[in-house]
Every structure is written in C-alpha cells, then in structure tokens.
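# Coordinate inspection notes
As a plain string of letters, each chain reads:
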Amino acid sequence: MPGADKEADLTERIEAFLADLKRGGCGTGPIRGSGETARETTALLRKVTAQARWSSAGDLMEIIRKEGRRMTAAQPSETTVGNMVLRVLKIIREEYARSRGSSEETDQQESLHKLLTSGGLSDENFRQHYVHLKANVIEAINELLTELEGTTDNIAMQALEHIHSNEVIMTVGRSRTVEAFLKDAARKRKFHVIVAECAPFCQGHEMATNLSKASIETTVIADAAIFAVMSRVNKVIIGTQTVLANGGLRAVNGTHTVALAARHHSTPLIVCAPMFKLSPQFPNEEDTFHKFVSPHEVLPFTEGEILSKVNVHCPVFDYVPPELITLFISNIGGNAPSYIYRLMSELYHPEDHDL
Amino acid sequence: MADCGEPDGPGNKDDITRSKNEGKELTKEEKQRLRKQKKHQKKQKERKNEKGPSETEKDKTPVSLLPPPQPVATQKAPSALPAPASAPIPVPASAPFHSSPAPSPADKPAKSKAELKAERRARQETDRAAKQPGSSSSGIKTKVPLSELNPVVKRLPEHVQVDDPAVVKRLAKKLERQQIPLRSDYGYKVSLFSHLHQYSRKAPLTQLLSIPSTVIHPSIVRLGLQYSQGIVAGSNARSVALLHAFKQVIRDYTTPPNEELSRDLVNKLKPYISFLNQCRPLSASMGNAIKYIKKEISNIPSQCKEEEAKTKLLTCIDRYIEEKIVLAAKAISKYAIEKISDGDVILVYGYSSLVNNILCEAFEKSRKFRVIVVDSRPRLEGREALRRLVQRGISCTYVLISALSYILPEVSKVFLGAHALLANGYVMSRVGTSQIALVARTYNVPVLVCCETYKFCERVQTDSFVSNELDDPDDLMVTRKGKTQLENWQDVSSLGLLNLVYDVTPPDFVDLVITDLGMIPCTSVPVVLRVKNLDQ
C-alpha cells in the first residue's frame with residue numbers, strides 16, 4: 001500500500017535524523033552546523049505535513065508537537081530543532097487564521113487587555129477543516145526554507161557596515177556565520193583577525209586556516225592570552241549556539257571571559273546570529289543549561305594514576321549575560337539585546353513555548 | 001695572561017700588561033696621552049651636538065658604582081705614576097666622558113654630574129688608598145651595569161629591541177667578542193610583537209656550534225640548555241639553578257696572576273649572563289640574584305686570599321637562597337594559612353611552587369579545603385601541580401581556563417603565584433593570570449597573590465606587549481583525531497601563531513599580596529623596594 005510505504009519511509013527518515021542528532025552532540029561540535037540542522041528539521045517537518053494523516057489544523061499541530069518532542073529529547077542542547085518546530089507551529093496557526101478570515105494581528109501578542117476581554121479566543125481549538133490548508137502550510141514552510149538558506153548571506157552582506165579598515169578583530173572558536181561575515185568584509189577592507197583557539201576542541205585553528213586562505217591576516221592565540229591581547233583589539237565579533245529569550249547567549253566555553261575582557265577595555269561585542277537560533281528558553285538553573293562531554297579531552301587517559309582521584313569537568317557552553325553584549329547582527333538586521341524579546345514574539349506563539 | 005678571561009680590547013690590554021711586566025713607563029704614558037687626545041676629540045664632538053644628544057650619550061653609558069679607579073688614575077697620570085705594578089688600566093673611550101672635569105655646556109644635568117663625579121672621585125680615592133698593592137684592573141668594561149646615582153633613563157634591555165637593527169648589530173658584535181653563538185629568530189612574528197625574540201625549541205643554541213669551556217663554564221652551558229628546552233622552568237627554580245651553577249663556577253675559578261678576584265670574577269660572569277640571556281631572557285628574580293652576587297663579589301676586600309674569598313662567596317650564595325627563597329616561603333605559608341579556613345574552595349592556576357607549598361602546609365595543619373586547578377594550553381603546567389597535590393591527598397578538581405566561568409561560582413578564594421611584582425603595582429605572571437583575576441573580580445571572589453620580596457622589580461609596565469617573552473609558536477599546534485589543522489602554518493603567509501609567556505595583571509584586580517614581609521596591598525610594592533634599598 002503506497003500510504004503505508006510512505007509512512008514507513010517517513011518514520012525511517014525521522015529515526016535517521018534522531019540518530020544523527022544524538023551522535024552529533026559528542027562535544028567536538030555538531031556533525032553539521034546549526035544552519036544545516038535547521039534546514040533538515042524544516043524539511044522533515046514539511047514531509048510530515050505532506051504525508052501524515054490529519055484532517056484539521058489541531059491534528060497537524062498535535063503530530064508536529066509529538067515529533068518535535070522526540071527530536072528535542074534526542075539532543076536538548078541543539079535548540080535549533082526546537083526553534084524550527086515552533087516556527088512551523090506558528091505558521092500553521094497563521095495559515096489557519098488566514099483561512100478562517102480573521103486578521104493575523106489579533107492573535108499575535110498577549111496583552112493584559114486581551115487576557116481580560118477575550119478569554120474565549122484562546123480556546124480556539126483549530127478543529128475546522130479547510131481544503132487548502134495543507135497547500136498553504138507547505139507553501140509557507142517552503143518560504144521558511146528559502147529564508148533559512150539565505151541567512152548566512154544576509155548577515156554577511158552587512159559586514160561592510162561594521163568593519164572599517166586597519167581594524168583588529170577578535171573572535172573565539174569557529175562559527176560559520178562569522179567566517180562568512182569576515183570573508184565578505186575582507187573583499188573590500190584590510191584588517192587583522194585574532195582567533196582564540198578555544199581549548200580543548202581547538203576549533204579556532206580551523207577558523208584561522210579558513211580565514212588565512214581568504215588572505216586575511218590572522219593570528220592564533222591561546223585562550224589564556226585573551227585578556228593580555230584584548231587591549232589592542234577594536235572589536236570582538238563572535239558567533240553563538242543559541243540566543244536566549246532575555247538577550248543572553250549560550251555560546252562556546254570561553255566566551256564569557258572574552259565578553260568580560262571586552263567590557264573591561266570598553267570594546268564592543270558583536271554577535272552574529274541568524275534568527276533561527278533565537279530560542280524562547282531562559283537561562284535558569286545550571287543543571288539544564290550546561291552540557292558536559294568526556295573529560296578525556298581535558299585530562300587524557302594517559303594520566304591514569306591521577307585521573308581516578310580527581311574531578312574533571314569539561315563543559316561545552318558558557319552563559320553570557322545580555323549586559324555584556326553590544327549588538328546582535330541577524331538576517332533581519334542589527335538589534336540591541338534589549339529588543340530580542342519582541343523579535344521572539346514575532347517568531348513564536350507564546351502558547352507553544354513549552355513543547 | 002691568556003686565561004685572563006675574554007679578550008676585551010685585546011690591543012690595549014696586552015700592551016698594558018706587557019708594559020707593566022717590562023716596566024716601560026714611557027709606552028704607557030704615550031698611550032695615556034693618546035687616550036687623552038681621544039678624550040678631547042670626543043668632548044669637542046659632544047660640544048658640537050649640544051644638549052640633547054649629549055644627554056643621550058650620557059644615557060648610553062651610565063657609570064657603575066663599582067669602583068673603577070681608572071678615571072681617577074688617568075687624570076692623575078702624570079703625577080701619580082709609581083711602580084708599573086700599580087699602573088691603572090686605560091679607560092674605555094666612553095669613560096673619560098665622565099671623568100673629565102666637565103666644562104661641558106653649562107646645563108643643569110652637567111652640573112649635577114660634576115657634583116656626582118666629585119663624590120665618586122672621593123670614594124675612589126679612598127678605595128685606591130685601601131688597595132695599595134693592588135693590581136691593574138681587569139679588562140675594559142664596555143658595557144657597565146646600571147647605576148643608582150643616574151636617576152635618568154635606564155638602558156633598555158636588548159631583548160625588547162629586536163626591531164631596531166642598530167641594537168641587534170651591537171648585540172651580535174658583543175656576542176662575537178664573547179664567543180657566544182647568536183640565536184636566530186624563528187617563524188613569522190606577529191607584527192604587534194616584532195620587537196621581541198621568538199626562538200624555536202628545536203634549534204638549541206649549542207646545536208650548530210660548540211662552545212669551548214674556556215669561554216663558558218660547562219655547568220652554565222648545561223643550565224642554558226635546560227632553560228631553553230623548558231626543563232627548568234618557574235621563577236624560583238630558575239633562580240636556584242642559576243645560583244647553584246654560579247657556585248660551581250666560583251669553586252672552579254682561579255684568579256689569574258696580577259688580577260683581582262673581585263673584578264675579574266665579575267667580568268668572567270658577563271659572558272655567562274649573555275649566554276643565558278640568549279637561551280632564555282632572564283627573569284626579574286634572576287636579575288636580582290645576579291645583582292646581589294655581583295655586589296658581593298665586588299665587595300670582597302683585595303687582601304682576602306683566594307680560598308677565603310671563595311668560601312665567603314659560597315656561603316653568601318647559600319645564605320641568599322636560604323633567606324630569600326626557603327625561609328621566605330615558610331614565612332609566606334605562615335601568613336597565607338591564616339587566610340585559609342575550613343570548607344574553603346581554593347582556585348589555583350598553573351604551577352607555582354610557592355602556592356603549592358602553601359597548600360601542602362595548610363593541608364598538613366589539617367585545614368579542610370579542596371582545590372580547583374585551572375590549566376591552560378599549550379604549557380599545561382597545571383598537571384604537574386595536580387600530581388603533587390593529589391599525592392598529598394588533597395581533593396582536587398581540574399579544568400581548563402575556558403571553563404573558568406563555569407567553575408568560579410563554586411570558588412571561595414583564588415591563590416595566584418607571581419613571576420615579578422612591578423613598581424607600579426602590576427603583577428607579572430604566567431599568561432592567563434590576568435584573566436583569572438578579571439573573572440574572579442566579576443564574581444566577587446578574593447584574589448590573593450603570593451610573592452617573595454626578591455622578585456620585586458623596579459620596572460614599570462602597563463600592558464603585556466612592551467616587555468614579554470614569545471615562546472615557540474609550534475607549541476600551539478595540536479593533533480586531534482589524527483588531523484593537525486595548523487600543520488603548515490609556515491606556508492601560509494597571512495597566518496601567525498602567538499605563544500605568549502607572561503602577562504600583567506592590573507592592581508585593582510588583586511586584593512592582597514602575601515610576601516615574607518607581611519600582607520600588603522599591590523600598590524605598596526615601591527615602598528618595599530625603597531625599604532630594601534635603604535637596608536642594603
């Protein structure tokens with residue numbers, strides 16, 4: 001039966017994706033970058049929309065929520081997966097509202113007035129069936145995919161507005177977005193980049209080789225020299241893994257030190273992050289925020305005799321509070337950290353925040 | 001005569017000694033007349049250049065406190081020429097500049113110089129009177145050590161002037177004279193640090209040339225190699241190794257005939273110090289130790305017999321090590337243990353012998369605490385500290401410096417070691433220390449620096465660029481999963497690796513400095529220096 005085949009195929013793909021996610025989180029950085037993960041997630045969700053059996057928007061949302069929960073459980077630190085699920089849910093709501101004919105604006109924000117007056121509206125049960133809903137939703141998801149594919153270029157296009165010549169720019173570890181950003185600026189301007197290698201994974205080395213291949217003057221420094229060198233740096237441009245709802249960052253470890261050193265020397269800290277990294281999570285307890293990998297990276301097993309008597313920690317992420325950040329550059333332009341919460345309300349519906 | 005040490009100014013010296021032995025006063029007088037002519041020529045030239053350049057000339061050749069009776073003698077040459085035995089040595093061309101009664105342009109510095117000269121002359125006369133049957137001094141000193149009386153600019157050390165070709169040439173000439181091989185820089189240097197040397201560990205100094213033992217004592221060669229390969233590392237370890245090597249040198253030293261131990265030995269040490277400098281730039285503690293030794297040597301009275309003088313010097317060195325390093329460590333531990341309370345979580349960085357000492361002693365006095373050791377690439381010295389602490393049974397945690405923000409909320413105190421304390425209150429220490437102090441301050445964790453007083457240094461510095469050390473850049477390479485990303489970094493022209501060794505921590509990050517004199521704030525360093533200078 002073709003239907004069953006397609007379903008089996010779909011589940012197979014989802015399983016493969018989940019396995020990839022689980023494996024990819026072994027600390028050396030995901031096997032694929034966040035952009036790719038976002039695109040794969042969206043493609044998968046599109047397939048689910050196309051092939052799963054559903055009759056009303058509510059059913060579809062239930063299915064997507066279920067799959068979303070499974071995907072986020074596979075790799076909680078990979079927040080782009082959850083973000084894409086939320087985007088798709090928001091798309092479904094919008095399309096449903098449009099099909100129903102009501103304007104989109106009313107469903108957008110939660111305001112005190114709305115809570116008081118329109119208690120009934122939020123009981124929308126999405127049960128009505130619309131013929132063209134499926135097509136609309138898939139079309140909207142396609143638009144989302146196009147947007148995702150263009151994010152890095154959009155960010156890189158803004159590079160010349162922020163980098164002047166003869167600057168010294170510092171960056172940490174490896175970020176594909178920042179790499180594209182700097183390479184784009186290097187076409188017209190001459191500047192110097194200092195890359196902190198970011199032990200123990202030393203992804204900064206790869207970043208430095210890529211940048212130097214584009215004929216950018218690059219220097220690799222050890223993490224310990226960040227403060228020593230910061231006095232000569234004009235700007236700090238970093239990437240991040242996630243942008244949190246309060247405007248803070250969850251970035252690779254060592255970023256907090258860079259941010260503090262930049263604040264001490266009054267150097268602006270610019271974060272290049274596409275919008276799909278914006279997550280509705282807040283930085284709450286330490287247990288859920290941090291991710292640890294094998295301490296073998298820090299103290300190898302060759303040091304066997306002391307290894308058993310010592311605690312070794314190898315956290316992957318750092319929290320950077322929003323007051324240390326000067327600017328966010330994303331595919332929709334530049335923003336201050338205090339504006340992030342508004343952007344979030346445009347992208348995700350408040351009811352979906354807890355999958 | 002041949003083993004009188006390095007062949008400084010060979011011509012003059014040989015003439016003098018020959019003439020001395022043969023009793024030809026005439027040739028000596030002729031020589032002195034020639035020298036006086038040269039003096040006059042120089043003075044005329046200097047008068048032409050007027051005030052500004054004259055100042056710089058003074059700066060380039062500061063006078064030493066060590067008694068050079070030469071200037072006095074040349075002045076009094078016509079009158080005081082007794083037996084050839086006590087004939088003074090010709091002065092270097094620069095010295096007459098100081099010794100002349102200075103009717104130079106009548107500006108203020110010259111006047112005060114005249115006063116200083118008068119003082120010096122008086123002191124030299126008394127010295128000369130004391131050393132009647134003395135001998136001619138040893139070789140010509142072309143590079144005299146710093147003077148305390150010259151309050152103006154101190155001479156900038158050569159190892160921070162690598163981008164100045166004149167300085168490099170001068171250094172090369174000096175090393176050639178002393179028969180020490182010159183070490184060449186390696187690899188692409190980051191433009192911000194073009195004024196510093198950058199050597200490769202794979203090319204030690206002695207690989208290409210052999211150094212004859214008449215030039216440099218073999219224990220010094222061994223020491224230099226140990227420094228350059230990183231076998232002996234750490235401020236205290238290097239100083240102690242240096243002092244032990246000097247003890248060996250003194251034991252093997254014999255005064256050449258017609259030479260005075262106090263002057264000859266100091267000159268013997270000069271090429272050794274140049275060699276060690278080539279292997280690895282001297283640390284502040286080593287500089288202070290060398291200053292002390294030189295002072296002790298030159299204070300040896302001339303009538304002292306050689307054996308007696310040598311034993312005296314050896315005991316001096318032992319006492320220095322005992323007082324300034326061993327006992328100081330005990331005193332610092334005593335103070336520091338007061339600051340450690342039960343239940344503390346103490347953070348240390350890298351390997352500092354002093355901080356390790358403190359922690360071990362505190363553990364023996366049954367304080368309950370645990371230690372977090374923070375380490376950094378590429379040196380990874382923290383592993384050594386970790387091993388020693390774990391051996392004692394202290395419970396430890398180990399992280400890399402990038403995980404600092406994660407681990408700091410647990411920490412109650414930070415103990416840091418120092419390489420040197422600068423006169424403006426900045427702490428010079430292993431690279432990464434300033435970062436730790438910065439983040440600790442953000443989390444409101446007290447930072448305590450432990451440092452012996454012999455590491456206090458009169459230099460001032462505000463950033464980590466002007467005076468630092470560049471280590472082998474190849475150390476930054478790492479092989480992960482069989483792939484070395486930076487393997488061919490030399491081939492890529494726009495890629496540079498920077499391996500800094502030291503950095504300076506501003507005093508507002510440091511809460512307390514624990515020294516053997518007590519617990520002082522960072523800004524009291526110049527007070528301690530002044531007190532020490534008055535004592536000595």
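A quick note: this is a predicted structure, and the numbers were derived from the prediction, not measured.

Conventions used here
Residues numbered from 1 in each chain as written. Chains lettered and ligands numbered in written order. Predicted model: local features only at pLDDT ≥ 70, side-chain atom pairs only at ≥ 80, totals over all residues. Heavy atoms only, no water. Helix = DSSP H or I, 4+ residues; strand = E, 2+ residues; numbered from the N terminus. Buried < 20%, exposed > 50% of the residue type's maximum accessible area, 1.4 Å probe, protein only. Contact = heavy atoms within 4.5 Å. Areas by Shrake-Rupley, 256 points an atom, 1.4 Å probe, with all protein chains shown as cover. Buried area = accessible area lost by both parts, 1.4 Å probe. Salt bridge = Lys/Arg side-chain N within 4 Å of Asp/Glu carboxyl O. Polar contact = N/O pair within 3.5 Å; in protein donor to acceptor, adjacent residues only side chain to side chain. Nonpolar A, V, L, I, M, F, W, Y, C, P; charged D, E, K, R; others polar. Pairing = 2+ DSSP bridges.

A tally of regular secondary structure across chain A gives 14 helices and eleven strands. Scored against the burial criterion, the 355 residues of chain A give a buried share of 56%. Counting only contacts in chain A whose residues sit at least 6 apart along the sequence, the fraction spanning at least 24 positions is 80%. As displayed, chain A has an accessible area near 15200 Å², and 51% of this comes from carbon and sulfur atoms.

For the rest of this paragraph, the subject is the interface of chain B and chain A. Interfaces are often sized by the accessible area lost when the parts come together. Contact with chain B, which involves 50 residues of that partner, is made by 51 residues of chain A. Summing both sides of the interface, chain B and chain A together bury roughly 4400 Å²; the carbon and sulfur share of this comes to 63%. Together, Ser402, Tyr406 and Arg480 of chain B form the three largest contributors to the area buried by chain B at its contact with chain A, with a combined 15%. Connecting chain B to chain A are three salt bridges. Two residues, Arg480 of chain B and Glu297 of chain A, come together in a salt bridge whose shortest N-O distance is 2.9 Å. Linking chain B with chain A are 21 residue pairs in polar contact (both at pLDDT 80 or more). Counting only elements with at least two residues in the side of chain B that touches chain A, the list comes to helix H14 (382–392), strand E3 (396–400), helix H15 (404–407), helix H16 (433–442) and strand E10 (495–498) of chain B. Residue composition of the side of chain B that touches chain A, grouped by class: 31 nonpolar, twelve polar and seven charged.

Residue and element names in this part refer to chain B. Spatially, the three strands line up as an open sheet ordered E5-E6-E11, and their pairing is antiparallel. The open sheet has two edge strands with one neighbour each: strand E5 (420–421) and strand E11 (502–505). Examined bridge by bridge, strand E6 (residues 427–430) and E11 share four bridges and lie antiparallel to one another. Residue pairing across strands places Val427 opposite Thr505, the latter belonging to E11.

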